[in-house]
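The lines below spell out each chain.
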Amino acid sequence: MVSGETAASVQSLFASGTTHGKPLGQAGFTELLSAMGAKREYCTQYFKAFDQDADGHVDYPEFLVGAVAMDNQTYHGGAWGEQRAHFIFRTYDLNGDGYLDYGEMLHLVRHLRRGRSLPESVAEIEAQAREFVEEFGSDGAISLESWLAASAPVPSASVSSTCANSIVGGAEWAAKRSVARANSSG
Ligand SMILES: [Ca+2]
Ligand SMILES: [Ca+2]
């Protein structure tokens, strides 16, 4: 799935932020990610998204998955594409209830539009968020299952790719790091 070279470069990143390979706590994680160009104000959410088992630490396997998921060069289909869709879901599920509701979609849409340099007027953001929730959700919220289905099949235009680009300042991240590359055979 991930080449040896990629794994090695992610591993050295991880090692640069931790001591003796110990899992990262929130503070160390925030330092590492902001040094990599992520916005500090988003690091709490990134931490939640990386910390898959929610034990309060990001260990190396979690870091590897998160790093690949944040990389906008990650292949959009297949297992890594799905990891990324999971990652975005966890990032924007602010209250952690397992659904993306309208209020959470507002954040996602704002970041999506920012990432694409589209106007960020409140009216447009609200309209688009409402559209997403109506199209992919039921009872006003999008489940993980629907989200994965919505994110999966359409490569360049997919919701997940645009969101991933915007949440990390995408291109920047990829250009600077080339952290990870999914095997294009999925
Ligand atoms: Ca963990
Ligand atoms: Ca939620």
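Residues numbered from 1 in each chain as written. Chains lettered and ligands numbered in written order. Predicted model: local features only at pLDDT ≥ 70, side-chain atom pairs only at ≥ 80, totals over all residues.

Attention now moves to the overall build of the chain. Helix and strand content of the chain: ten helices and two strands. Shown N-terminal to C-terminal, the secondary structure of the chain runs as helices and strands in the order α-α-α-α-α-β-α-α-β-α-α-α. When burial is assessed residue by residue, the chain has 37% of its 186 residues classed as buried. Here the analysis covers contacts within the chain between residues at least 6 apart in sequence; of these, 62% occur between residues at least 24 apart. (Helix = DSSP H or I, 4+ residues; strand = E, 2+ residues; numbered from the N terminus. Buried ≥ 20, exposed ≤ 12 C-beta atoms within 10 Å, placed from the backbone. Contact = placed C-beta atoms within 7 Å.)

As a further point, take the packing of helix H6 (residues 102-115) against helix H7 (residues 122-136). Relative placement of two packed helices is described by the angle separating their axes and the distance separating the axes. Between H6 and H7, whose axes approach to 8 Å, the crossing angle comes to 120 degrees. As summarised for this structure, H6 and H7 are arranged oblique, according to the angle between their axes. In terms of crossing hand, the pair formed by H6 and H7 is right-handed. Listed contacts from H7 to Tyr102, Met105, Leu106, Val109, Arg110 and Arg113 of H6 are Ile125, Glu126, Gln128, Ala129, Arg130, Phe132 and Val133. Residues belonging to the contact of H6 with H7 are distributed by class as follows: eight nonpolar, one polar and four charged. (Axes fitted to C-alpha atoms, helices over the stretch in contact; angles between N-to-C directions. Parallel < 35°, antiparallel > 145°, perpendicular 65-115°, else oblique. Left-handed = near helix turned anticlockwise from the far one by under 90°. Nonpolar A, V, L, I, M, F, W, Y, C, P; charged D, E, K, R; others polar.)

By secondary structure assignment, the location of Ala35 is in helix H2 (residues 26-35). In this structure, the C-alpha to C-alpha distance between Ala35 and Gly17, residues 18 residues apart in sequence, is 9.6 Å.

Here the focus is unusual backbone geometry. Non-glycine residue Ala54 carries a positive phi angle of around 55 degrees. For Ala54, a count of 9 C-beta atoms within 10 Å gives the class exposed. Here Asp139, not a glycine, exhibits a phi torsion of approximately 50 degrees, which is positive. If you trace the backbone, Asp139 turns up in the loop between H7 and strand S2 (141-143).

Here we come to the nonpolar core. Residues Phe63, Leu100, Met105 and Val109 are the most contacted members of the largest nonpolar core, which totals 36 residues. Broken down by secondary-structure element, the contributors of at least two residues to this core are helix H1 (4-16), H2, helix H3 (43-50), helix H4 (60-70), helix H5 (78-92), strand S1 (99-101), H6 and H7. Ranked by residue count, the leading element in this core is H4, at seven residues. Setting aside anything within four residues of it in sequence, one finds Met105 in contact with Leu100, Ala129, Phe132 and Val133. (Core = buried A, V, L, I, M, F, W, Y, C linked by C-beta atoms within 7 Å.)

As a further point, take the confidence of the model for the chain. Residues with a pLDDT of 70 or more make up 74% of the chain, whose mean pLDDT is 77. Low pLDDT (under 50) marks residues 153-186, which in the prediction has 80 contacts with non-local residues, meaning those over four places away or in another chain. (pLDDT = per-residue confidence, 0-100.)

Turning next to H4. Counting buried positions along H4 yields eight of eleven residues, so the element is predominantly enclosed. For H4, the complete set of buried residues consists of Phe63, Leu64, Val65, Gly66, Ala67, Val68, Ala69 and Met70.

With that settled, the discussion passes to the packing of H2 against H3. Relative orientation of the contacting elements H2 and H3 amounts to 110 degrees, with a least axis distance of 10 Å. The angle between H2 and H3 places the two elements in the roughly perpendicular class. Relative to H3, H2 is oriented so that their crossing is right-handed. For the pair H2 and H3, the contacting residues are Gln26, Phe29, Thr30, Leu33 and Ser34 in the first and Cys43, Tyr46 and Phe47 in the second. Broken down by class, the residue content of the contact of H2 with H3 amounts to five nonpolar, three polar and no charged.

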